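# Coordinates in review
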Amino acid sequence: MSYSELSSKSNDKIKYVNKLVSSSPFRRQEGLFAIEGARLCADAYRSGYEISECFITRTAMSKYADALSELLADAGEVYLITDGISSKLSDTVNSQGVFCVVKMKERITAEVKADLKYIALENVQNPQNLGTVARTAEALGINGLILSDGCDIYNPKALRASMGSLLRIPVIKTDDLCTVLKSAAEKGVLTLATVPDSSAEDITALDFSGGVITVIGNEGNGVTEQIKNSVKHKATIRMKGEAESLNAASAAVIAMWEMMR
């Protein structure tokens, strides 16, 4: 099979991919996102995403031939690129030389189900935190993510940190998390927000046997007062030592473990 070759870093296609990497509004406008790495690209393909374009070095073509053979056969276009272009496109220190432009799927759901368990992130900005939460959520069996503002699920760093989980786990996006929480509570869902407050309930003492939504707040400010007023419980993770609070992803991991154990 023959592929087109690109050798110039200033090629319009390379500029286009770089813009998909760097701009969330542009991704939404185009309905496309960019991913990097043999495993993540293969995961996207196996998860049913349509690969619009693939950019790959000759070295990567040889090294990952078996893992990417079906992807390369089904991709809309495949371009052989130089190591220089690979470095230009790469968002990592050691690039594998594999990049894909992927079409977004209509996979974002809109409704909380009363008997399921969700982790909600309120304005979490760090893509690594989002990716870590998604990866852990999938591993522990959490039924879905609820995202209110914050980082884009198609941010390349978030996708990489999630090891592909963000491409698979159900996601509910909302501009009104308070209403989502109140509506869920009316269905009998346990709603809580994690807070670094010694007077709050111990998270290990709560009954997570039914439907649950646990809210994790912004890295710097925690959950907002509006959210605190919209949940049935404010829960804390008891800590020892001098630490005043946990990283958002760490707090989410502990909360999800408690939800599922």
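For clarity, every value in this text was computed on a predicted model and none was experimentally measured.

## A closer look at the layout of surface pockets
For the largest pocket, the calculated volume is near 300 Å³. Taken together, 19 residues make up the lining of the largest pocket; nearest its centre are Thr194, Pro196, Ser245, Leu246 and Ala251. Of the residues belonging to the lining of the largest pocket, the class tally is ten nonpolar, eight polar and one charged. As for the second largest pocket, its lining consists of Glu36, Gly37, Ala38, Arg39, Leu40, Asp43, Thr92, Asn94, Gln96, Leu159, Arg160 and Met163. Among the secondary structure elements, those contributing two or more residues to the lining of the second largest pocket are helix H3 (38-46) and helix H8 (156-161). Considering each element in turn, the lining of the second largest pocket owes the most residues, four residues, to H3. Broken down by class, the residue content of the lining of the second largest pocket amounts to four nonpolar, four polar and four charged.

## Describing the pairing of strand E2 (residues 32-36)
Among the five residues in E2, five count as buried, and that is most of the element. Two elements, E2 and strand E5 (residues 98-103), share five bridges in a ladder whose sense is antiparallel. Across the sheet, the residue bridging to Ala34 is Val101, located in E5.

## Things to note about the sheet that holds strand E3 (residues 51-57)
On the basis of which strands lie adjacent, the open sheet formed by five strands has the order E1-E4-E3-E5-E2 and mixed pairing. The sheet terminates laterally at strand E1 (4-6) and E2, the two strands that pair on one side only. Adjacent strand axes in the sheet meet at a mean angle of 25° when their direction is disregarded. Its contacts with the sheet place helix H1 (residues 12-22) against E1, E2, E3, strand E4 (77-81) and E5, and it is angled at close to 95° to E2. Relative to E3, helix H5 (residues 65-74) is tilted by about 135°, and along the sheet it contacts E3, E4 and E5.

## Things to note about the packing of aromatic side chains
Given two aromatic rings, one states the distance between the centres and the angle between the planes to describe the pair. Taken as a whole and judged by the stated rule, the model has four aromatic pairs. Aromatic side chains Tyr16 and Phe26 sit 5.4 Å apart centroid to centroid with 75° between the ring planes, which places their arrangement in the edge-to-face category. Of this pair, Tyr16 sits in helix H1 while Phe26 sits in helix H2 (residues 24-30), placing them ten residues apart in sequence. You can call Tyr16 partly exposed: its relative accessible area is 26%. For Phe26, a relative accessible area of 10% corresponds to the buried category. Pairing Phe55 with Tyr79 gives two aromatic rings, centres 5.2 Å apart and planes at 20°, and the pair type is stacked. Linking Phe55 in strand E3 with Tyr79 in strand E4, this pair joins segments that are 24 residues apart in sequence. In terms of burial, Phe55 and Tyr79 fall into one category: buried. Three or more aromatic residues joined by ring pairs form one cluster here, namely Phe33, Tyr49 and Tyr154. Note that Lys19 overlies the ring of Phe26, its terminal NZ or CZ placed 4.6 Å from the centroid.

How each quantity is defined
- Residues numbered from 1 in each chain as written.
- Predicted model: local features only at pLDDT ≥ 70, side-chain atom pairs only at ≥ 80, totals over all residues.
- Heavy atoms only, no water.
- 1 Å grid on protein atoms, 1.4 Å probe; cavity = no way out; pocket = protein on both sides within 12 Å on 5 of 7 lines; lining within 4 Å.
- Points joined across faces, edges and corners; volume = space filled by probe spheres on them.
- Nonpolar A, V, L, I, M, F, W, Y, C, P; charged D, E, K, R; others polar.
- Helix = DSSP H or I, 4+ residues; strand = E, 2+ residues; numbered from the N terminus.
- Buried < 20%, exposed > 50% of the residue type's maximum accessible area, 1.4 Å probe, protein only.
- Pairing = 2+ DSSP bridges.
- Axes fitted to C-alpha atoms, helices over the stretch in contact; angles between N-to-C directions.
- Contact = heavy atoms within 4.5 Å.
- Phe/Tyr/Trp six-rings, centres within 6.5 Å; stacked < 30°, edge-to-face > 60°.
- Lys NZ or Arg CZ within 6 Å of the ring centre and 35° of its normal.

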